[in-house]
Amino acid sequence: MTTVFTKFLHIDVPASITCDASRTNPEFRITFSADGYIPYPQVILHAPNGQHIIKDHAIQTSSDAQSSESGCKPCAAPRQSGVAPDVKYIATVSAGLLRAGDVTVQVEGCRKSDINNAGGEDWIKEFGSLRVEVAANTKGNIKAKADGKANTVDSAPEPVTRIALSPGKFDTEPKIYFGIHKHMHQPYYQAADPGYWDGEKDEIFGSRGGPYTDFVPAAVRQYIDGGLPHAGLSCSWSGSLIEQLNRCGTEGLCGGRFGNWAAQLQSVAREKTALGNPRMDISAFGFFHPLMALTPGRNIVKQVQMHRDIVRDTFGADASTVMFPPETAFHVRMIPALNEAGIEAVMYDSIHRFRTCRDYPYSGINEGMLPPSGSDQENPAVQDWFWLHNIWVGSQIAPSVLKPEYVKYEDPEGNVHKIIAVPAERYIGNEDARGGFGALQYPDVLGQVYDQIVATGAFDPKHPPFFVLHSDGDNHGGGAESYYRHNTGALVQWLQGDPRFELITARDYLMLFPPDPDKAVHIEAGSWSGADNGDPQFMKWFSRYNESYSPDLNSWAVLTALQNIVHSLEDANPGNANPARAARLMLTAETSCYWYWTGQSGWDAQVTHATNAAYGMISGDVNALLAAGGDRTAPTIFPPWVTPENPGGKKWGQGCLLDAPREGVVHTFIHDISGISRVSLVLRTAKGEQTLSMHDRGPYPSQTGPAVTANYYTAELPVGLGDIRYYIEAEDNKGNVGRSALERVYLG
């Protein structure tokens with residue numbers, strides 16, 4: 001009878017592994033033995049680039065395996081002799097799995113072969129560690145030889161005198177350009193009552209006195225004093241934050257901390273780069289911090305215009321033509337509204353460009369997102385994928401596409417809209433958010449990007465690499481005084497001595513290296529990783545969408561109804577004061593924070609409270625408009641979503657990916673004050689168009705008591721159509737017809 005093990009006798013893990021030329025591990029082995037047969041053995045490596053499981057054929061038994069190897073260290077008790085057989089195992093770790101850093105090794109075995117029927121008591125685990133190191137001769141600067149191959153030179157960079165750059169003059173020597181962005185925001189904590197204030201608000205605002213007054217100016221002045229001609233810091237300030245800081249100053253809230261809060265910001269706003277652009281570039285933004293990807297275009301324009309006005313009034317400077325969208329959330333359907341609002345460039349999170357390359361090396365569940373949709377992967381393959389090390393990453397990056405490019409969107413009528421997209425690097429930005437030097441070692445991490453550009457020959461002097469390090473400017477390490485003062489001083493000192501890198505504002509870069517509008521690309525939807533990894537479906541703002549009731553879906557349905565009501569009154573009578581007051585409540589209700597903290601009743605009901613307050617102001621106007629037959633506004637259509645996210649592809653399981661059903665369903669909310677007569681789903685494929693009727697499921701069931709809410713519509717998608725485009729068309733009972741944006745999905 002086979003004896004099933006009860007404990008590990010010995011485990012041997014290499015003390016260290018040295019990376020090969022790819023900066024990843026070579027193949028190596030981990031050996032272990034037990035006091036009996038292990039029905040289900042596996043080794044889990046917890047590494048800086050995610051979790052890797054070694055199991056099945058990668059683990060073999062060996063009756064004559066050595067119990068220890070040269071250079072290895074034990075991480076379990078030594079073998080006890082005499083009472084049980086010694087069964088030995090060899091786990092082979094494939095090359096290329098690990099990057100430099102510390103790795104926790106988890107050796108475990110299940111006493112049952114069917115792990116689905118095993119309980120926690122059936123698993124036996126032991127832990128150890130190993131260090132993955134970079135070889136000494138790969139730590140220097142990589143320079144190209146005459147034959148085009150890379151050669152390593154282990155030497156420190158020589159000091160450099162910074163000279164201002166001029167448009168049209170290109171440096172043939174490789175250089176990495178980068179910028180820094182800091183985001184400042186506070187919502188209204190009572191959407192229906194902006195005058196609400198309590199001791200908690202005093203504490204929240206008061207604890208951020210530095211970021212909201214003098215920290216940013218302190219950083220910018222160090223750039224100036226350090227002789228960096230193009231260096232600056234862009235920052236986004238929500239209108240709701242500015243209004244509340246103005247109130248604090250006027251009313252002496254927060255102990256008088258904000259009595260003249262904008263003075264130093266106003267002063268530094270006048271400082272210019274060598275090209276005449278602001279050193280402190282106040283990014284274009286949405287006044288109330290709306291998730292613009294899920295906001296009607298006309299409201300995006302309003303939010304941007306309101307924000308532009310308050311920036312000019314508060315700081316004595318114009319808001320930038322470069323936008324930092326709230327949550328770095330971007331969707332190409334935003335482009336027409338951004339064009340209308342006068343925005344020339346928009347920041348986005350870099351992973352959503354990487355994932356649109358045809359050869360994208362998806363890294364599994366550790367990436368935190370499902371595999372990219374085939375409908376998004378339309379950009380050419382690139383050849384410079386690699387793993388960053390010494391910071392946490394969930395996927396590989398490709399430096400050749402880390403640069404501003406035009407991005408395009410085609411609407412249902414076939415019109416193509418374009419805007420410049422500026423990448424904000426996901427992983428380096430995350431690390432910078434932890435506090436700069438000490439968390440992010442700029443020379444090492446940015447040096448890896450430089451090395452890869454040179455080694456792969458991907459440097460384009462007319463369009464060199466440029467990316468932004470983006471983070472909150474008032475939270476955690478990136479919002480601390482040490483970041484703006486000590487870290488910035490160290491950053492400036494490093495840049496003064498390293499000619500490979502240039503800290504530059506986005507506007508200076510775009511003047512020097514304008515992208516080619518004839519080479520527009522596609523970018524996948526999504527936000528930054530701080531929002532549940534920023535997936536293309538914006539699921540942070542769709543929490544519990546697959547349950548019988550979702551607080552998030554409830555808020556979108558209520559908001560969709562309010563948007564249609566306000567828009568209808570605005571179109572019919574622009575001078576009416578009641579709709580103007582209700583419109584502010586509508587825009588306040590678009591604050592993305594009201595979806596962020598799902599499951600907390602105080603946040604889940606915010607949109608409903610604002611809607612009910614607005615409807616109380618304008619219900620009489622609505623009735624009068626309907627009685628007069630004056631409705632000329634098309635139905636409001638909420639941006640549709642598809643379940644499963646990738647029909648016929650993959651979906652989330654419990655800690656794994658599962659095959660998704662091929663049957664997809666399109667969902668949306670629609671409202672019109674005159675009622676809906678029809679809703680159609682129009683599908684476009686290579687073979688032509690087909691139209692499907694959408695099913696009206698009635699008002700979305702609410703638990704927050706809204707005065708109005710939108711109806712919930714669905715339609716089943718045909719199976720196996722492949723890459724398709726689709727839009728929704730809705731007609732109200734007055735004959736007004738509205739169309740959604742043109743969307744894309746891949747039906748496997």
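Calculation notes
Residues numbered from 1 in each chain as written. Predicted model: local features only at pLDDT ≥ 70, side-chain atom pairs only at ≥ 80, totals over all residues. Heavy atoms only, no water. Helix = DSSP H or I, 4+ residues; strand = E, 2+ residues; numbered from the N terminus. Rg over C-alpha atoms; globule rule 2.2 N^0.38 Å. Buried < 20%, exposed > 50% of the residue type's maximum accessible area, 1.4 Å probe, protein only. Contact = heavy atoms within 4.5 Å. Areas by Shrake-Rupley, 256 points an atom, 1.4 Å probe, with all protein chains shown as cover. pLDDT = per-residue confidence, 0-100. Salt bridge = Lys/Arg side-chain N within 4 Å of Asp/Glu carboxyl O. Axes fitted to C-alpha atoms, helices over the stretch in contact; angles between N-to-C directions. Parallel < 35°, antiparallel > 145°, perpendicular 65-115°, else oblique. Nonpolar A, V, L, I, M, F, W, Y, C, P; charged D, E, K, R; others polar. Expected span 1.5 Å × (residues − 1). Phe/Tyr/Trp six-rings, centres within 6.5 Å; stacked < 30°, edge-to-face > 60°. Lys NZ or Arg CZ within 6 Å of the ring centre and 35° of its normal. Pairing = 2+ DSSP bridges. Core = buried A, V, L, I, M, F, W, Y, C linked by side-chain atoms within 4.5 Å. Disulfide = S-S within 2.5 Å. Bend = angle between axes of the 7 residues up to and from the residue. Polar contact = N/O pair within 3.5 Å; in protein donor to acceptor, adjacent residues only side chain to side chain.

(A) Up close: the overall build of the protein chain. Within the protein chain one finds 16 helices and 33 strands. The globule rule puts the C-alpha radius of gyration for 748 residues at 27 Å, and the 28 Å found for the protein chain is close to it. A buried classification covers 57% of the 748 residues belonging to the protein chain. By sequence separation, contacts in the protein chain at least 24 residues apart represent 76% of the contacts at least 6 residues apart. For the protein chain, the exposed area adds up to about 28,900 Å²; of that, 47% sits on carbon and sulfur atoms.

(B) Structural context of the confidence of the model for the protein chain. Taken as a whole, the protein chain shows an average pLDDT of 91; of its residues, 93% reach a score of 70 or greater. A low-confidence stretch, residues 64-83 stays under pLDDT 50, and its non-local contacts, those more than four residues away or across chains, total 39 contacts. Predicted confidence for residues 137-159 stays below pLDDT 50, and this span has 41 contacts to residues more than four positions away or in other chains.

(C) Layout of the pattern of salt bridges. Following the criterion strictly, the structure yields 35 salt bridges and no others. As a salt-bridge pair, Lys175 and Glu502 come within 3.1 Å of each other at their nearest N and O atoms. With Lys175 in the loop between β12 (150-153) and β13 (176-184) and Glu502 in strand β21 (residues 501-503), this residue pair connects regions lying 327 residues apart in the sequence. For Lys175, a relative accessible area of 10% corresponds to the buried category. Glu502 sits in the buried class, given a relative accessible area of 3%. Note that Arg298 and Glu570 form a salt bridge whose closest N and O atoms lie 3.1 Å from each other. Taken as a pair, Arg298 in helix α5 (residues 297-315) and Glu570 in helix α12 (residues 551-572) lie far apart in primary sequence, 272 residues in all.

(D) Representation of the packing of α5 against α12. The geometry of α5 relative to α12 is characterised by a closest axis approach of 11 Å and an angle of 75° between their N-to-C directions. The orientation of α5 relative to α12 falls into the category roughly perpendicular. Side by side, α5 and α12 meet where Arg298, Asn299 and Lys302 of the first sit next to Gln563, His567, Glu570 and Asp571 of the second. Taken together, the residues of the contact of α5 with α12 sort by class into no nonpolar, three polar and four charged.

(E) Spatial organisation of helix α9 (residues 442-456). Between its terminal C-alpha atoms α9 stretches 21 Å, which fits the 21 Å expected from 15 residues at 1.5 Å a residue. With respect to burial, α9 is a largely interior element, eleven of its 15 residues being buried. Every buried residue belonging to α9 is among Tyr442, Val445, Leu446, Gly447, Gln448, Val449, Tyr450, Asp451, Gln452, Ile453 and Val454, and all of these are buried. Taken from the residues just after α9, Gly457 is the one with a positive phi, measuring 65°.

(F) Seen up close, unusual backbone geometry. Here the bond from Thr643 into Pro644 is cis, since omega is -15°, no more than 30 degrees from zero. Note that Pro644 resides in the loop between β23 (641-643) and β24 (650-652). Positioned with a positive phi, Thr328 is a non-glycine residue whose angle comes to about 50°. Following the sequence through the fold, Thr328 ends up in the loop between β16 (322-323) and α6 (335-340).

(G) Expanded view of the packing of aromatic side chains. This structure, assessed with the given rule, holds 43 aromatic pairs. Three or more aromatic residues link up through ring pairs in this structure, and these residues are Phe542, Tyr549, Trp556, Trp595, Phe638, Trp641, Phe669, Tyr700 and Tyr712. Over the face of the ring belonging to Phe258 we find Arg257, whose NZ or CZ atom lies 6.0 Å from the ring centre. Taking NZ or CZ as reference, Arg500 lies 5.2 Å from the ring centre of Tyr450, over its face.

(H) Region of the structure containing the pairing of strand β19 (residues 416-424). Counting buried positions over the nine residues of β19 gives seven, a clear majority of the element. Looking at chain direction, strand β18 (residues 405-410) and β19 are connected through six bridges and run antiparallel. Note that in β19 the partner of Tyr406 across the bridge is Ile420. Here β18 folds back onto β19, and the loop between the two strands holds five residues, one of which, Gly414, carries a positive phi near 95°.

(I) Representation of the nonpolar core within the structure. Phe178, Phe205, Trp237, Phe330, Leu338, Ile428 and Phe669 are the most contacted members of the largest nonpolar core, which totals 150 residues. By residue number, the principal contributor to this core is α12, which donates ten residues. With sequence-adjacent residues up to four places away left out, Trp237 is seen in contact with Met184, Pro211, Tyr212, Ile242, Leu245, Trp261, Leu265, Ile282, Phe285, His307 and Phe315. Formed by 26 residues, the second largest nonpolar core is a distinct cluster that contains Phe8, Cys19, Ile59 and Val103.

(J) Structural view of the packing of α5 against helix α13 (residues 577-589). Here α5 crosses α13 at 95°, and the two axes come no closer than 11 Å. Between α5 and α13, the interaxial angle falls into the category roughly perpendicular. Residues Asn299, Lys302, Gln303 and Met306 of α5 touch α13, and the partners they reach there are Arg584, Met586 and Leu587. A per-class count over the contact of α5 with α13 returns three nonpolar, two polar and two charged.

(K) Geometry of the state of the cysteines. Taken as a whole and judged by the stated rule, the model has zero disulfides. Cys248 takes part in no disulfide bond, and the closest cysteine sulfur to it belongs to Cys254, at a distance of 4.0 Å. Left unpaired, Cys593 is separated from the closest cysteine sulfur, that of Cys248, by 17 Å. In this structure Cys593 comes out as buried when scored by relative accessible area, which is 11%.

(L) Structural view of helix α16 (residues 606-628). The end-to-end C-alpha distance of α16 is 33 Å, a good match for the 33 Å that 23 residues give at a rise of 1.5 Å each. Ile618 marks where α16 bends most, by close to 55°. Within the sequence span of α16, burial applies to Gln606, Val607, Thr608, Ala610, Thr611, Ala614, Ile618, Asp621, Val622 and Leu625. Residues of α16 that are buried in the fold lie against α12, α13, α14 (593-596) and α15 (601-604). Two residues or fewer past α16, Gly629 is found with a positive phi of approximately 65°.

(M) View of the environment of Asp631. With respect to the element layout, Asp631 can be found in the loop between α16 and β22 (636-637). For Asp631, a relative accessible area of 6% translates into the label buried. Sequence spacing of Asp631 and Leu692 is 61 residues, and the spatial spacing of their C-alpha atoms is 27 Å. Not counting chain neighbours up to four residues away, the residues in contact with Asp631 comprise Ser568, Leu625, Asp672, Ile673, Ser674, Asp732, Lys734 and Asn736. A polar contact of 3.1 Å, which involves the side chain of Asp631, links it to the backbone nitrogen of Thr633. A polar contact of 2.5 Å, which involves the side chain of Asp631, links it to the side chain of Ser674.

(N) Highlighting the pairing of strand β9 (residues 101-110). Counting buried positions along β9 gives eight out of ten residues, so the element sits mostly inside the fold. Note that strand β4 (residues 40-47) and β9 share seven bridges and pair antiparallel. From the neighbouring strand, Val43 faces β9, where its bridge partner is Val107. As paired elements, β9 and strand β10 (residues 123-133) share ten bridges and run antiparallel to each other. Bridge pairing in β10 places Cys110 opposite Trp123.

(O) Just the environment of Asp193, in detail. Mapping Asp193 onto the fold places it in the loop between β13 and α1 (199-206). Through-space distance from the C-alpha of Asp193 to that of His609 is 9.1 Å; in sequence the pair is 416 residues apart.

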